[in-house]
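Below are the chains, spelled out letter by letter.
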There are 2 protein chains.
Amino acid sequence: MAEPLPDLIEEFVTDSMGDDPAVILTALSSQDTVYIASLLESLPVERRLIIWEGVPRDKKLSVLVEMRSDPREILIDATAHHEWASIFSDIDAEDLLELLDSLPTKLVDLAYQTLDSQERKYFREATQFPDSQVGHWVNHELLVLPANAKVREGLRLLRRELPQHCDSIYLVNRSGQFSALVKVNKLFAAQEHTSLVQLAEESAAILDATEEVSTASLQVQRSGLSALPVVDENSKLIGRLDITSASELINEFYERQVMASAGMDEDEDLFSPVAKSARNRALWLGINLLTAFLASWFIGLFEATLQQVVALAVLMPVVASMGGIAGSQTLTLIVRGLALGQVTSANMRALMVKELKVGGVNGVIWALVIGVVAYFWFTDVLLGVVICLAILFNIVAAALAGVFVPVILDKLKIDPALSGSVILTTVTDIVGFVAFLGLGSLFLL
Amino acid sequence: MAEPLPDLIEEFVTDSMGDDPAVILTALSSQDTVYIASLLESLPVERRLIIWEGVPRDKKLSVLVEMRSDPREILIDATAHHEWASIFSDIDAEDLLELLDSLPTKLVDLAYQTLDSQERKYFREATQFPDSQVGHWVNHELLVLPANAKVREGLRLLRRELPQHCDSIYLVNRSGQFSALVKVNKLFAAQEHTSLVQLAEESAAILDATEEVSTASLQVQRSGLSALPVVDENSKLIGRLDITSASELINEFYERQVMASAGMDEDEDLFSPVAKSARNRALWLGINLLTAFLASWFIGLFEATLQQVVALAVLMPVVASMGGIAGSQTLTLIVRGLALGQVTSANMRALMVKELKVGGVNGVIWALVIGVVAYFWFTDVLLGVVICLAILFNIVAAALAGVFVPVILDKLKIDPALSGSVILTTVTDIVGFVAFLGLGSLFLL
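In this convention, every chain numbers its residues from 1, walking through the sequence in written order. A letter from A marks each chain and a number from 1 marks each ligand, given out in the order of writing. With pLDDT at 70 or above as the cut-off, local features in this predicted model cover only qualifying residues; side-chain atom pairs require 80 or more to be listed or tallied, and sums for whole chains, interfaces and linings still use all residues. Computation of side-chain values: all heavy atoms of the structure, hydrogens and water removed.

1. As for the pattern of salt bridges
Next, step 1: By convention in these notes, a salt bridge is any Lys or Arg side-chain nitrogen within 4 Å of a carboxyl oxygen on Asp or Glu. Inspection of every chain in the model, using the stated rule, returns 30 salt bridges over all chains.
Next, step 2: Notably, a salt bridge pairs aspartate 269 of chain A with arginine 48 of chain A, separated by 2.7 Å at the nearest N-O pair. With aspartate 269 of chain A in the loop between helix H13 (243-260) and helix H14 (274-300) and arginine 48 of chain A in helix H4 (residues 45-54), this residue pair connects regions lying 221 residues apart in the sequence.
Next, step 3: Salt bridges here are not isolated pairs; linked through shared partners, they connect Glu41, Arg68 and Glu255 of chain A together with Arg336 of chain B. Going along the chain from the N terminus, every DSSP run of H or I of four or more residues is numbered as a helix, and every run of E of two or more is numbered as a strand.

What follows is the structure, encoded as structure tokens:
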């Protein structure tokens, strides 16, 4: 049984274990590669390299495959050249595809030479599809029989060593086109001479190789089958997407969304080298700086007003942040809806109306609350009225932006989970400051 | 084959389909319940209720089970009382558990009466565990044999109608305690009189009923098996967690994280009634308002300074937002690490050091950039120095807060994905404003 990850980290993070590869090897040899991968990701780079030395040679490939690319690349760089031949000794097309972006070209070539001709063919086929398409991720361990096969042949097939998650036999015609799917367990109760076609599932989904990975993965997850067949544009069966791959691809999809909201990607290493991490994050800080200066520039237009009514400066953050929060609630809901395919041009209008109403209700309530607080704080009725109107205006504008920003980004094929919140807060900051300071200039000077 | 969801939405969102339940019924009868559920979630409430009327009676239960609770509750409220007997006619313990929080007590009772005594027992057992524990979500469709059974008996078992995702037979001793797991496909190549125990997997994981749902689900996903056995505190086999449930539970976990970042939950309805939605979101706006007023109060301490150096008011948002962005990057990384079990007390210190270094590097770079821009904008060297120091200070403080806030929340058993960002931005706002205005008061007056 695998130890829980935190205990494992505790054991390896300090050097109580020592730096002796032999000791580490013994300690790791009983561990699952998934846990070793996660352990390595959790260690500071120096320790990570020491522990990596001690990972059993025959586990190194699977450990690399299980890791995120950023931490993985650090290990790849640190691995001695002469080790690769043995690490790659068991590699197949799927492993190489998984490692493709992390390996230098030389090592890709070396690994490719190790593949047999069948695996090379799979590899070449898969690389014809971008990694956003299901064709890139197909698994080739299939149970396939000709369309006219009988139960007897099916049972004979099952006596071999079966691949993981094989609950179906796929039937193909003479040109290799997919024709039907038969659940394995239908065979046990059937007569030996029955045609497999008679046992076929009628409504099983078939995936196109060009289908988007996240949609296809959800289909597998919902199918109740362990895998769905994948066909090319000529209906030729090229492989299957199994439920383990599907689940991992869905996890990645969600993780990308979570990380994107802070301008990072899902491969970000917990312990990436400082220079690399600083560089990765600098872009996002730079973009944010431009939008912040833009907001400042708008505030600058009202310098004269601010000088006379300093209370406006004090209350500015309230106006901006209420708009930002209200807008990000709408944005988050719409981004999820877009990701699930539930937001379309058909229901956009109704969504807009509903979000405007919600914004209106919350706008009125919080505008009044804030107006009253501001009045008591600065004993100035007009200031209360000004902030009240500015808040109402900004929350309603936030609802509009919360719907339009992600929908427009999606239309432009820009990931709304990544850039949506920056654009949205820029809008709500500027609208908030201009409304508040503009109304202030009108009423308070 | 199911139509893609957007087309389906397009077809049903307008009343081109008419309001005739019979027409809708015909159109929906070929659709998968997963798609019907997603379609209903995508429709404005009025249309949703009309289409719900037309959903084939025998699909209504599965459609409800597939839906998120908020949109589901709207349909439950709108369903005529006399319909429930037929909707519940096929209900089992798992369905009822899924609907439990959405059904009024009366309907829970009605559904419970429909269960046979075995299902009632399952239901009662499951409700002993909170829905955060795997015991709440077990599936009872198992292939079980006594520990001394032979391959012959295993094969006989397989001839029955098999449940979904059954790739293993579980062996139990006389007191019902789990003893071993045998992969079904091992049976085909084995002799009829071989003991099943001899074919058992050695390293298959066993789940405790009290284990946390997301950890257990990841274990299932990584096991390469279609399900893992679940045992109670006496090692008695009480069921299994299959890969479909595991994947759905992981999806929910991620979706909760995404929605939590905007103070919403994963059951939020795209088209919830305005009053309900406004109420749900008001709490988050209210909490945010308190933190915004707190920040304003700190700014208010420097009113005299602001009056004299209005440029400080203009540049305030830049200082606050750079700290907020830098902090949220660290926060997002740490929250993911906590969720994956990769951040522990053992590697906290090293993480802290690394984040401080990254903060230091980006702090210095952006402090200089912003200082220079501010100098040229306001032609004031001291102002440039003041904002430079304030940015540096705030970005470093943001790194500290980005690590400590989620770790402390996690220790306090508060979901850092939910409250982390509010607390973090409160910290970076206040630190930023105080540093900037405080330094401004020292140097610029």
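On we go from here.
2. Quick word on the UniProt feature "domain: Magnesium transporter MgtE intracellular" (unreviewed entry) in chain A
Next, step 1: Residues annotated in UniProt with the feature "domain: Magnesium transporter MgtE intracellular" (unreviewed entry) correspond here to residues 31-134 of chain A.
Next, step 2: Regarding residues 31-134 of chain A, the helix share stands at 68% and the strand share at 0%, and the terminal C-alpha atoms are separated by 31 Å. UniProt positions are given in the numbering used here, feature names are shortened, and annotations may be inferred rather than shown by experiment.

3. With respect to the relation of the copies chain A and chain B
Next, step 1: Residues below a pLDDT of 70 in either copy are left out; the C-alpha atoms of the rest, at least 70 in both, set the least-squares superposition of the copies. Mapping chain A onto chain B is achieved by rotating through 180° and translating by 0.0 Å along the same axis, at an RMSD of 0.1 Å. A rotation of that kind, with that shift, is consistent with a two-fold axis. Minimal C-alpha distance to the rotation axis in chain A is attained by glutamine 307 of chain A, lying at 2.6 Å.
Next, step 2: Contacts between residues were defined by any pair of non-hydrogen atoms, one from each residue, lying within 4.5 Å. A high fraction, 100%, of the interface residues of chain A reappear at the interface in chain B, so the copies pair face to face through one surface.

4. Describing the nonpolar core
Next, step 1: Buried Ala, Val, Leu, Ile, Met, Phe, Trp, Tyr and Cys residues form a nonpolar core when they are joined through side-chain atoms within 4.5 Å. Only protein chains enter the area calculation, which uses a 1.4 Å probe; residues under 20% of their type maximum are buried, those over 50% are exposed, and those in between are partly exposed. Formed by 88 residues in total, the largest nonpolar core has its most connected members in Phe436 of chain A together with Phe436 of chain B.
Next, step 2: Not counting residues up to four positions away in its chain, the partners in contact with phenylalanine 436 of chain B are Leu312, Leu315, Met316, Val319, Val386, Ile387 and Ala390 of chain B.
Next, step 3: Core analysis: the next-biggest nonpolar cluster, separate from the first, contains 53 residues, Leu207 and Leu241 of chain A together with Val138 and Phe178 of chain B among them.

5. Focus: helix H10 (residues 117-127) of chain A
Residue and element names in this part refer to chain A.
Next, step 1: Those residues of H10 not exposed but buried are Glu119, Tyr122, Phe123 and Ala126. End-on, the buried residues of H10 take up no more than an arc of 100°, which puts them together on one face.
Next, step 2: Contacts made by the buried residues of H10 are with helix H8 (93-99) and helix H9 (105-114).
Next, step 3: Side-chain atoms alone can form a polar contact between residues adjacent in sequence; in general such a contact is a pair of N or O atoms within 3.5 Å, and within protein one must be able to donate a hydrogen while the other accepts it. The N-cap residue of H10 is aspartate 116: its side-chain oxygen and the backbone nitrogen of glutamine 118 are 3.1 Å apart. Note that the arc is computed from the directions linking the helix axis to the C-beta atoms.

6. Observations regarding the interface of chain A and chain B
Next, step 1: On the chain B side, the residues contacting the 109 residues of chain A number 110 residues.
Next, step 2: Put simply, buried area is the surface a 1.4 Å probe can reach on two separate parts but cannot reach once they are joined, added for both. Of the roughly 9900 Å² buried between chain A and chain B, counting both surfaces, carbon and sulfur atoms make up 67%.
Next, step 3: Connecting chain A to chain B are four salt bridges.
Next, step 4: Glutamate 255 of chain A is the partner of arginine 336 of chain B in a salt bridge, and the nearest nitrogen-oxygen pair spans 3.1 Å.
Next, step 5: One can count 30 residue pairs in polar contact (both at pLDDT 80 or more) joining chain A with chain B.
Next, step 6: Secondary-structure elements contributing two or more residues to the side of chain A that touches chain B are helix H1 (5-13), helix H3 (33-41), helix H12 (213-223), H13, H14, helix H15 (303-308), helix H16 (310-339) and helix H17 (348-378) of chain A.
Next, step 7: For the side of chain A that touches chain B, the leading source of residues is H16 of chain A, giving 17 residues.
Next, step 8: Side-chain classes are defined by residue name, with Ala, Val, Leu, Ile, Met, Phe, Trp, Tyr, Cys and Pro counting as nonpolar, Asp, Glu, Lys and Arg as charged, and the others, Gly among them, as polar. Class assignment for the residues of the side of chain A that touches chain B results in 61 nonpolar, 32 polar and 16 charged.

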